[in-house]
Amino acid sequence: MPQIPLLAEVTTFLARPHGSYIEGTAVLGDDAPFHVINPATGEPLATLNSASQAQADAAMQSAQQAFAAWRDMPTLHRGTLLLKLADKLAEKREELAQLESLCSGKTIQLARMLELDQSVAFLRYFAGWAGKINGETLDVSLPSFAGEKYTAFTRRQPLGVVVAIVPWNFSIMIAVWKIAAALVCGCTVVVKPSEYTPLTLLRLAELATECGFPPGVINVVNGPGGELGPALIGHANCAKVSFTGSVATGNAVGRAAAAQGKRVTLELGGKNAALFLNDLSVTEMVNGIVEAGYLNQGQICAAAECFWLPADKIDAVLQALKTRLDSTVIGSPLDESTAMGPLANRAQLEKITALLATARREGDEIVCGGEAIAGGGYFLQPTAIRVASASSTLMKEETFGPVGSFISYDDPEQALQNINASPFGLAASVWSRNISQALRFSERLEAGIVWINMHTFLDPAVPFGGSKGSGSGREFGSAFIDDYTELKSIMVRY
Ligand code: NDP
């Protein structure tokens, strides 16, 4: 099928000069220019100028100035604005999906269904919390000495300015998780997108202004994370950092925030496992593996990368998986029939090809794929690797790509122990028709979220976040309230 035609709004937006979005206005960056590269072609799509340190400071000042009025706005009005933004994103679904697909290499179908439709769903979910973020009344335990009485209550008070740092794999959706959660609590935000995908959030910020969000409530600062990140985190107005990204950067962000007494939430990567129990058919296992490991070219933090299969089924599963993966329709993300687009950037392709070289050196067997696809873009064949042992590098290091590592087990208890030996614990899944057995494994798998007979389903009502080295704090559900509010206690003698 041919590529879909780009909307005029998309080509016009790409042709505009870009920078950051501060105080309700698009501003050109004062610092060095950088290109946004189309990963499907390797060609530049747009040029931005990085924000200077002075512009980062202006964004933080703007968010601080907007904070008091936003905090004091009736919660109903805050919720209504979030609903308006949800409606606006739904209206602009195709424009934003095309823009995101161009910048990230995500297939247009996925950009529509995940980036946009999920962003709309999350915005509506968080809007529903407006007016429901409350403290509680408490019975005081103090004795009364002279007939006096005591009571106490708590309030949930917004923290202030939130610095939201987001990666390139779902740049709209992950930013929306943070923006919506912060805003409904009464905080204001300064978002720092990835350098690879800086455009769609600029458009989102413009649309928010069209919806009536006051200037300064949502700011977007673009430029190199290594320079702007520390400036934003270290800024006197930063009350909280919400970071999603790699383990290495996240740990540096966590240290910087902690050193300055800033609240911080870290949503990091890891090495997620999927455990298939022996009661499933080969076809059921293959369907599960493709769902768990290969969506968005595997560039999903919660995707499974290590697959534990019963010893008497692994050969048949890998053979059927090879047939399935070899027939994957790989191509332009803007072709609606494409199932797999390019990796999002050259650095990602280089990182994965280096890991594949390591796998070969260590004696892992490349069952299928394993090669970059020649041409202009950053395409990689969907890959399955039968690892030599549980200590292979590919069982430990995140590829963040369409690369599954497969290993057999004789005893599922042993597989569980191996999975739990990982220093990471973002997500895991267990697959079986025996729900009782699957539930028992889910209780003992060490991960922030465990799916049974599914993988990578994120729902706004269900808390999400990592355990062990995969981060701290939880997004979604009601858990987000802790992260964006201060719990204040008020005691009264009467
Ligand atoms: P990075 O950690 O490289 O970057 C994430 C963000 O941090 C980017 O905006 C980046 O900006 C910024 N940044 C870079 N250096 C600093 C710094 N010193 N201080 C503050 N911010 C900085 O991650 P990727 O963008 O490469 O994303 C992929 C990673 O994200 C994977 O490891 C994946 O597992 C993880 N991830 C985790 C998720 C979760 O919910 N747990 C969800 C999605 C992804 P710049 O681009 O300009 O360098």
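Up top you'll find the structure we're talking about.
Description of the structure in this document. Small disclaimer: the values here were computed from a predicted structure and weren't measured. (Residues numbered from 1 in each chain as written. Predicted model: local features only at pLDDT ≥ 70, side-chain atom pairs only at ≥ 80, totals over all residues. Heavy atoms only, no water.)

One side chain can pair with another of opposite charge once the charged atoms of both are near each other. Here the structure, examined in full by the defined rule, presents 23 salt bridges. In this structure, Lys106 and Glu100 form a salt bridge, with 3.8 Å as the shortest nitrogen-oxygen distance. Of the two residues, Lys106 and Glu100, both sit in the buried class. For Arg444, the salt bridge is made with Glu413, and the minimal N-O distance between the two is 2.8 Å. Placement of Arg444 in helix H14 (residues 435-444) and of Glu413 in helix H13 (residues 412-420) is noted, with a sequence separation of 31 residues between them. (Salt bridge = Lys/Arg side-chain N within 4 Å of Asp/Glu carboxyl O. Buried < 20%, exposed > 50% of the residue type's maximum accessible area, 1.4 Å probe, protein only. Helix = DSSP H or I, 4+ residues; strand = E, 2+ residues; numbered from the N terminus.)

Along the chain, the position of Ala51 falls in the loop between strand S4 (43-49) and helix H2 (53-72). When its relative accessible area of 3% is taken as the criterion, Ala51 is described as buried.

In this approach the atoms are scanned with a rolling probe the size of a water molecule, which exposes any empty space left behind. The space that makes up the largest pocket amounts to roughly 700 Å³. Lining the largest pocket are 31 residues, with Pro167, Phe243, Gly245, Ser246 and Thr249 sitting closest to its centre. For the lining of the largest pocket, the element with the highest residue contribution is helix H8 (residues 225-233), accounting for five residues. Estimated volume of the second largest pocket: approximately 340 Å³. With four residues, the single largest contributor to the lining of the second largest pocket is helix H5 (residues 108-127). Of the residues in the lining of the second largest pocket, the class split is twelve nonpolar, four polar and one charged. (1 Å grid on protein atoms, 1.4 Å probe; cavity = no way out; pocket = protein on both sides within 12 Å on 5 of 7 lines; lining within 4 Å. Points joined across faces, edges and corners; volume = space filled by probe spheres on them. Nonpolar A, V, L, I, M, F, W, Y, C, P; charged D, E, K, R; others polar.)

On to the site of the ligand, then. Val166, Ser246, Leu268, Cys301 and Glu398 are the nearest of the 30 residues found near the ligand. At 2.8 Å, a backbone N or O of Val166 approaches an oxygen atom of the ligand. In the environment of the ligand, an oxygen atom lies 2.6 Å from a nitrogen or oxygen atom belonging to the side chain of Ser246. Notes on the ligand: free accessible area 910 Å², of which the protein chains cover 87%. Per-element tally for the shell around the ligand: the top contributor is H8, with four residues. Here the residues of the shell around the ligand are counted per class, giving 15 nonpolar, eleven polar and four charged. (Near = heavy atom within 4 Å. Polar contact = N/O pair within 3.5 Å; in protein donor to acceptor, adjacent residues only side chain to side chain. Areas by Shrake-Rupley, 256 points an atom, 1.4 Å probe, with all protein chains shown as cover.)

Positionally, Glu267 belongs in strand S11 (residues 263-267). The charged side chain of Glu267 is buried without a salt bridge, its nearest counter-charge being Arg474 at 5.8 Å. Setting aside anything within four residues of it in sequence, one finds Glu267 in contact with Lys178, Phe243, Thr244, Gly245, Phe464, Gly465, Gly466, Ser470, Gly473, Arg474 and Glu475. (Lys, Arg positive; Asp, Glu negative; His and termini not counted. Contact = heavy atoms within 4.5 Å.)

Moving on, we come to the packing of helix H3 (residues 75-91) against helix H7 (residues 199-211). Between H3 and H7, whose axes approach to 9 Å, the crossing angle comes to 125°. With respect to their mutual orientation, H3 and H7 come out oblique. Read as a crossing pair, H3 and H7 show a hand that is right-handed. Contacts from Leu81, Lys84, Leu85, Lys88 and Leu89 in H3 reach Leu204, Leu207, Ala208, Glu210 and Cys211 in H7. Residues belonging to the contact of H3 with H7 are distributed by class as follows: seven nonpolar, no polar and three charged. (Axes fitted to C-alpha atoms, helices over the stretch in contact; angles between N-to-C directions. Parallel < 35°, antiparallel > 145°, perpendicular 65-115°, else oblique. Left-handed = near helix turned anticlockwise from the far one by under 90°.)

Residues Asp30, Asp31, Glu195 and Glu227 make up a contiguous surface patch of negative charge. Structurally, the position occupied by Glu227 is in helix H8. (Patch = residues over 30% accessible without salt bridge, like charges linked within 9 Å, V, L, I, M, F, W, Y side chains within 5 Å. Charge placed at Lys NZ, Arg CZ, Asp CG, Glu CD.)

Where strand S10 (residues 238-244) and S11 come together, five bridges link them in parallel fashion. Bridge pairing in S11 links Phe243 to Leu266. Taken together, S10, helix H9 (residues 247-259) and S11 form a β-α-β motif whose crossover is right-handed. Note that S11 and strand S21 (residues 471-472) share two bridges and pair antiparallel. (Pairing = 2+ DSSP bridges. Right-handed = clockwise from strand over helix to strand, strands pointing away.)

Moving on to the sheet that holds strand S14 (residues 365-368). The sheet built from seven strands is open, its strands ordered S14-S15-S16-S13-S12-S18-S19 with mixed pairing. Strand pairing shows two members of the sheet lacking a second neighbour, S14 and strand S19 (449-452), which therefore form its edges. This sheet shows a mean twist of 25° between the axes of neighbouring strands, independent of strand direction. The pairing of strand S13 (residues 304-310) with strand S16 (residues 403-409) spans five bridges and is classified as parallel. Each residue of the ladder has a partner; that of Pro310, found in S16, is Tyr409. Its contacts with the sheet place helix H10 (residues 282-293) against strand S12 (272-276), S13, S16 and strand S18 (427-431), and it is angled at close to 165° to S13. Strands in contact with helix H12 (residues 346-361) are S14, strand S15 (383-386) and S16; relative to S15, the strand with the most contacts, it is inclined by about 30°.

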